Amino acid sequence: MRSALLLSAVLALALINPSQATSAPEVWPGETMADLCGSNYTDYEFASDFYGPLQFLEIPDVVVAYYRFGNASTDLPPVVLIMGFSGTMKNWPITMLVDLAEDREVILFDNRGQGFSKDTSPEVPLSIASMANDTKNFVEALDLARPPHLFGWSMGGMITLQAAAVYGDSFDRFAVFSGSAGSLRSQLPSPEIMAEFKGAIPVSDVERLSSLFPLNTTDGAEAACRYARDLQYSPDDPENKQGTKKQLVALTDFYFDDSTIDALVDTERHILVIGGLLDIVVPAQNQKLVGQVLPSAWMAIFQDSSHATFFQHWGTIRELLEVFLQREE
């Protein structure tokens, strides 16, 4: 265990100050996706053979829509992925999914009342805690051969931390991409992002990408276009506006609730936390706070990326995950 902690500290230090980081020249992202990424970024079709059939599973309060694919012939734990605020299964980039599915099963699902998942108790308020409970119930209903790893992005990372704190025995290891443990000690999204969340301002596709990637850098703009291209392979899984409204209430309440961060203090689960210093959606201070509460957590904060750090630096993240998931207890 000591060697694992030493290795995690070395990795964190290397990634906070990456040796290859350079000040990329600023680039103008353009007003349209064609300006940013070229006119052929949509020349791709849904990879239906890769995802397989859309499936449904009923659990308390939810009929969960999900895809299950990948290499089921290995003994490695499956990976379950939790999407963030207003997102659906469509928002996971296929580059990442293909890599994960090479040697294990991958399971994507829509949160309660979002995408194709049906909220069967719409009168019940939504919370990060209830979505973590949904995730636990969903995994148990799948009757997997062994507990899966749980990865979450953004609000999905918040759900992941709640699951680690409360339902740790139902999972193996946890990876949090640009997530937060909530509480008043965490830093809220920027006012611009909150206005976007509330639907108070119209947002173009380019502006939406600018909240995920630093479009004023060459690396950020290139990563944004790779992400936009990847989504053309994804299933059609539209946002549910009513579900998004309930998620916003849950998200806001989470920043005024200490229960997750208090419960994390006593957890012994293995947790990897990834973030970007340029993130205005879930600022890196929130990931650092998790590290303060959980000194044994693995952490990597990248100085040149934003809310989609896991994708912009996927090559490095993939290697880090391989070490993290396979290390000895």
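Nothing here was measured: the structure is a model prediction, and the numbers come from that model.

Concerning the state of the cysteines
Scanning all chains against the criterion turns up 1 disulfide. Two residues share a disulfide in this structure: C37 and C225, whose sulfurs sit 2.2 Å from each other. Given an S-S torsion of about -85 degrees, the disulfide between C37 and C225 has left-handed geometry. A residue pair is termed long-range when its members are at least 10 positions apart, and C37 in helix α2 (residues 33–37) and C225 in helix α9 (residues 218–231) qualify at 188 residues. With respect to burial, C37 and C225 carry one shared label: buried.

Topic: a negative patch on the surface
Together, D253, D257, D258, D262, D266 and E268 give the surface a local cluster of negative charge. Here D253 is to be found in helix α10 (residues 241–254).

Observations regarding the confidence of the model for the protein
The pLDDT averaged across the protein works out to 90; a share of 90% of its residues lies at or above 70. Segment residues 1–14: pLDDT under 50, and 11 contacts once partners within four positions in sequence are set aside and those in other chains are kept. Scored below 50 in pLDDT, residues 16–29 shows 20 contacts in the model against residues more than four places distant or in partner chains.

Here we look at helix α14 (residues 314–326)
Along its 13 residues, α14 runs 18 Å from first to last C-alpha, staying within 8% of the 18 Å computed at 1.5 Å per residue. Residues of α14 that are buried: W314, I317, L320, L321, F324 and L325. All buried residues of α14 project into a common sector of 125 degrees when viewed along the axis, lining one side.

Concerning the pairing of strand β7 (residues 173–177)
The side chains of a regular strand alternate between the sheet's two faces. Extensive coverage of β7 is indicated by the burial of 5 of its 5 residues. The two faces of β7 match: R173, A175 and F177 on one face and F174 and V176 on the other face are all buried. As defined by bridge partners, strand β6 (residues 149–153) adjoins β7 across 4 bridges and the pair is classed as parallel. Note on β7: the bridge partner recorded for G152 is V176. In this view, the connection linking β6 to its parallel neighbour β7 by way of helix α6 (residues 155–166) has right-handed handedness.

Let's talk about α6
The terminal C-alpha atoms of α6, which comprises 12 residues, lie 17 Å apart, in line with the 16 Å expected from a rise of 1.5 Å per residue. Taken across its 12 residues, α6 has 11 buried, putting it largely inside the fold. Every buried residue belonging to α6 is among M155, G156, G157, M158, I159, T160, L161, Q162, A163, A164 and A165, and all of these are buried.

Considering the environment of F174
As for its position among the elements, F174 is in strand β7. Considered as a pair, F174 and A164 are 10 residues apart in the sequence and their alpha carbons are 7.1 Å apart. Not counting the four nearest positions on each side in its chain, F174 is found in contact with L150, T160, A163, A164, G168, R269, H270, I271, L272 and F324.

A few points about the packing of helix α5 (residues 128–142) against α6
Close contact between α5 and α6 brings their axes to 8 Å; oriented N to C, the two are set at 75 degrees. The pairing of α5 with α6 is recorded here as roughly perpendicular in orientation. Residues I128, A129, M131, A132 and T135 of α5 form the contact with α6, whose own contacting residues are M155, M158, I159, Q162 and A163. Residue composition of the contact of α5 with α6, grouped by class: 8 nonpolar, 2 polar and no charged.

What counts as what
- Residues numbered from 1 in each chain as written.
- Predicted model: local features only at pLDDT ≥ 70, side-chain atom pairs only at ≥ 80, totals over all residues.
- Heavy atoms only, no water.
- Disulfide = S-S within 2.5 Å.
- Helix = DSSP H or I, 4+ residues; strand = E, 2+ residues; numbered from the N terminus.
- Buried < 20%, exposed > 50% of the residue type's maximum accessible area, 1.4 Å probe, protein only.
- Patch = residues over 30% accessible without salt bridge, like charges linked within 9 Å, V, L, I, M, F, W, Y side chains within 5 Å.
- Areas by Shrake-Rupley, 256 points an atom, 1.4 Å probe, with all protein chains shown as cover.
- Salt bridge = Lys/Arg side-chain N within 4 Å of Asp/Glu carboxyl O.
- Lys, Arg positive; Asp, Glu negative; His and termini not counted.
- Charge placed at Lys NZ, Arg CZ, Asp CG, Glu CD.
- pLDDT = per-residue confidence, 0-100.
- Contact = heavy atoms within 4.5 Å.
- Expected span 1.5 Å × (residues − 1).
- Arc of directions from axis to C-beta.
- Pairing = 2+ DSSP bridges.
- Right-handed = clockwise from strand over helix to strand, strands pointing away.
- Axes fitted to C-alpha atoms, helices over the stretch in contact; angles between N-to-C directions.
- Parallel < 35°, antiparallel > 145°, perpendicular 65-115°, else oblique.
- Nonpolar A, V, L, I, M, F, W, Y, C, P; charged D, E, K, R; others polar.

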